[in-house]
Amino acid sequence: MRPSILRIATRKSALALWQAEHVAARLRAAHPGLNVELVPLSTRGDEILDQSLSTLGGKGLFLKELEVAMLEGRADLAVHSLKDVPVLLEPGFTLPAILARADAADAFVSNHYTDLASLPQAARVGTSSLRRQAQLRALRPDLQWRDLRGNVGTRLGKLDAGDYDAIVLACAGLERLGLAARIVSRLAAPDWLPAPGQAAIAIEARDGHPAVLALLAALDDADTRLTTSAERAMNRALGGSCTVPVGAWCVRGERGLHLRGLVGDPVTGRLLHAEASGPVDQAVALGEQVASELLEQGADEFLS
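Residues numbered from 1 in each chain as written. Predicted model: local features only at pLDDT ≥ 70, side-chain atom pairs only at ≥ 80, totals over all residues. Heavy atoms only, no water.

Enquirer: Would you mind going over the side chain of Gln135 with me for this structure?
Expert: Mapped onto the elements, Gln135 comes out in helix H5 (residues 130-139). Here Gln135 is in contact with Asp191, Trp192, Leu193, Leu262 and Leu271, once residues within four sequence places are set aside. (Helix = DSSP H or I, 4+ residues; strand = E, 2+ residues; numbered from the N terminus. Contact = heavy atoms within 4.5 Å.)

Okay, here's the thing in structure tokens:
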């Protein structure tokens with residue numbers, strides 16, 4: 001029997017609420033008469049802002065409380081940024097829908113400089129991502145890296161207060177919040193790789209609820225699921241952590257899928273690259289192939 005109401009567990013940040021409201025609107029449009037409500041929650045990852053995600057244990061910290069709400073029956077689904085979702089979900093959970101991907105590039109944001117090359121020597125750049133730090137270090141080893149946590153508004157506020165000369169954020173997050181004007185320049189593939197799954201919204205739900213899963217599956221985007229499956233398979237084969245400096249970008253073309261991957265060292269700026277192509281029905285195998293090539297180059301030294 002189709003449920004009459006769906007409750008969405010979501011973090012309380014402006015971006016998380018935007019994503020949850022977006023999913024709610026899509027569900028109402030796909031299923032007229034369906035009542036959809038938001039259940040805003042605070043997560044440990046939102047509450048602890050004075051430590052980096054890599055020391056806290058990774059971006060999975062943003063999921064735990066939402067999963068508990070589903071287990072306790074307070075919510076039927078949760079909405080996440082796919083890049084924050086661990087490659088191995090907790091038992092009993094699944095991703096019935098991955099929405100069409102937005103702009104997966106990173107954004108160079110500054111009030112005084114037009115791009116990375118224009119920054120002065122030893123400029124202060126804010127980012128909490130080891131992946132971004134590694135790629136920035138490779139391009140500009142002179143820059144000073146400063147950790148940057150908090151929601152999008154908090155991070156922009158710190159830049160505007162003069163704490164940084166520039167910061168790096170996700171283009172998709174800025175665009176979704178109506179802040180695209182803050183993007184000074186884009187850091188994009190193939191020269192710069194995003195996080196696996198970046199700019200895609202994922203819906204998480206419990207297994208064993210076929211009526212709910214059927215409603216959610218209507219929002220699934222086949223191309224985004226294919227390409228992000230390859231990226232996440234690569235990450236999983238490299239160790240499956242959200243705290244390691246891994247970048248991935250997969251595109252679908254006329255001849256199938258093409259995946260680029262990198263592993264970097266945020267201290268030295270050394271980057272390892274690999275890429276491969278394959279048929280659309282071999283997305284996971286493609287990801288594993290690229291991961292294997294990276295490991296053959298010595299990626300495990302950066303991931304340990």
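Enquirer: Explain the pairing of strand S3 (residues 77-81) here, please?
Expert: With five of five residues buried, S3 is to be regarded as a mostly interior element. Burial of the side chains of S3 extends over both faces: Leu77, Val79 and Ser81 are buried on one face and Ala78 and His80 on the other. Across two bridges, strand S1 (residues 5-11) lies against S3 in parallel orientation. Among the inter-strand pairings, Ile8 is bridged to a residue of S3, identified as Leu77. The sheet contact formed by S3 and strand S10 (residues 201-206) spans five bridges and is antiparallel. Looking at S10, one finds that Ser81 is bridged to Ile201. (Buried < 20%, exposed > 50% of the residue type's maximum accessible area, 1.4 Å probe, protein only. Pairing = 2+ DSSP bridges.)

Enquirer: What is the right way to look at the nonpolar core in this model?
Expert: Note on soluble globular proteins: their nonpolar side chains tend to be buried together. If you look at the biggest cluster of nonpolar residues, it comprises 22 residues, and the most contacted ones within it are Met234, Leu238, Leu259, Val263 and Leu294. For this core, the elements supplying multiple residues, two or more each, are helix H9 (222-237), strand S11 (246-253), strand S12 (256-264), strand S13 (271-278), helix H10 (283-296) and helix H11 (300-303). A per-element tally of this core places H10 first, with five residues. One finds Ile8, Leu27, Val36 and Ala205 within the second-largest nonpolar core, a separate group that totals 20 residues. (Core = buried A, V, L, I, M, F, W, Y, C linked by side-chain atoms within 4.5 Å.)

Enquirer: Explain the sheet that holds strand S7 (residues 144-146) here, please?
Expert: In a beta sheet, neighbouring strands are held together by backbone hydrogen bonds and run either parallel or antiparallel to one another. Strand order across the open sheet formed by five strands is S7-S6-S8-S5-S9, with mixed pairing between neighbours. A single partner strand is all that each edge strand has here, and the edge strands are S7 and strand S9 (185-187). Taking the axes of each pair of neighbouring strands and ignoring which way they run, one obtains an average angle of 30° across the sheet. Judged from the four bridges that link them, strand S5 (residues 106-109) and strand S8 (residues 166-170) form a sheet pairing that is antiparallel. Looking at the pairing, Val109 lines up with Ile167 of S8. Against the sheet, H5 engages S5, strand S6 (124-126), S7 and S8, with an angle of about 130° to S8. Relative to S8, helix H6 (residues 152-160) is tilted by about 165°, and along the sheet it contacts S5 and S8. (Axes fitted to C-alpha atoms, helices over the stretch in contact; angles between N-to-C directions.)

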